[in-house]
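# An overview of the molecular structure
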Amino acid sequence: VDGAAVITAADTLDIDASATSLAKPNFASPFLFAAAWGESTAEARTRVAGTSAITATNALTVNAVTHSEVEVTASVNSINKPIDAVFAKTRTRIATEATVGEDTTTTGGSVDVTATTTAEIVTTADAKNTGGSGVGMAVAIGDTETDTSATLGGTVRALSGDVNVIADADIEENTSANAAT
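Residues numbered from 1 in each chain as written. Predicted model: local features only at pLDDT ≥ 70, side-chain atom pairs only at ≥ 80, totals over all residues. Heavy atoms only, no water.

Looking at the element boundaries, Thr46 is found in strand β4 (residues 33–48). A polar contact is formed between the side chain of Thr46 and the backbone nitrogen of Ala17, at a distance of 3.1 Å. In this structure the side chain of Thr46 is engaged in a polar contact, spanning 2.8 Å, whose partner is the backbone oxygen of Asn63. If near-sequence neighbours (up to four positions away) are discounted, Thr46 is found in contact with Ile15, Asp16, Ala17, Val62, Asn63, Ala64, Glu97, Ala98 and Thr99. (Helix = DSSP H or I, 4+ residues; strand = E, 2+ residues; numbered from the N terminus. Polar contact = N/O pair within 3.5 Å; in protein donor to acceptor, adjacent residues only side chain to side chain. Contact = heavy atoms within 4.5 Å.)

Here's what the structure looks like:
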């Protein structure tokens, strides 16, 4: 919502953006080497800007939500080999923004501006060599960047309830490498 927009709701007003991203590559090899790479990008941006005026008799919410699931697995399970090597990498980029700009007018029974990020990221490299002895090498790299922000500016009036500005990020990340020969 931008410029000089005027939005009026007789009851509730929800301005929302959401993004979901999923990457789950899995590569298993009976030979000497395995590699897997997974990349995920999710962006949700809700913006009320300019000289916009938004009004709701009851609840007024400006909300942005992102959810990412990344699960990358590379594995080797060989028999009597001199070397086993695996490489797994995840690259995750998440941006979540809920913004009401500095020149806006916001009126509601209650006013909520929320940005919520959730992510589950798993990176696994597993090298196994059964039989004769050998050398195993496993490398797992998790590369994650997140930016979650909620901003409320301008003139704000809550007619009967609260004003809440909440930015919340819940990131679960598990990176593991195992080499057993």
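Turning to a nonpolar patch on the surface, a few remarks are in order. A cluster of nonpolar residues, Phe31, Leu32, Phe33, Ile83 and Val135, forms a patch on the protein surface that exposes about 510 Å² of accessible area. Positionally, Leu32 belongs in the loop between β3 (26–29) and β4. With a relative accessible area of 38%, Leu32 lands in the partly exposed category. (Patch = residues over 30% accessible without salt bridge, like charges linked within 9 Å, V, L, I, M, F, W, Y side chains within 5 Å. Areas by Shrake-Rupley, 256 points an atom, 1.4 Å probe, with all protein chains shown as cover. Salt bridge = Lys/Arg side-chain N within 4 Å of Asp/Glu carboxyl O. Buried < 20%, exposed > 50% of the residue type's maximum accessible area, 1.4 Å probe, protein only.)

As a further point, take the nonpolar core. Side chains of a nonpolar character, in soluble globular proteins, are inclined to be buried together. By size, the foremost hydrophobic cluster in this structure holds 19 residues, and its most contacted members are Leu13, Val48, Ile54, Leu60, Val62, Ala98 and Val113. Those elements that provide at least two residues to this core are β2 (13–23), β4, β5 (53–56), β6 (59–79), β7 (83–100) and β9 (110–130). When residues in this core are grouped by element, the largest group, four residues, is from β2. Beyond its immediate sequence surroundings of up to four residues, Val48 is in contact with Val1, Ile15, Ile54, Val62, Thr99, Val100, Gly101 and Thr104. By size, the runner-up hydrophobic cluster in this structure holds 16 residues, among which are Ala34, Ala74, Ile94 and Ala119. (Core = buried A, V, L, I, M, F, W, Y, C linked by side-chain atoms within 4.5 Å.)

Keep in mind these numbers describe shape, not what the thing actually does.
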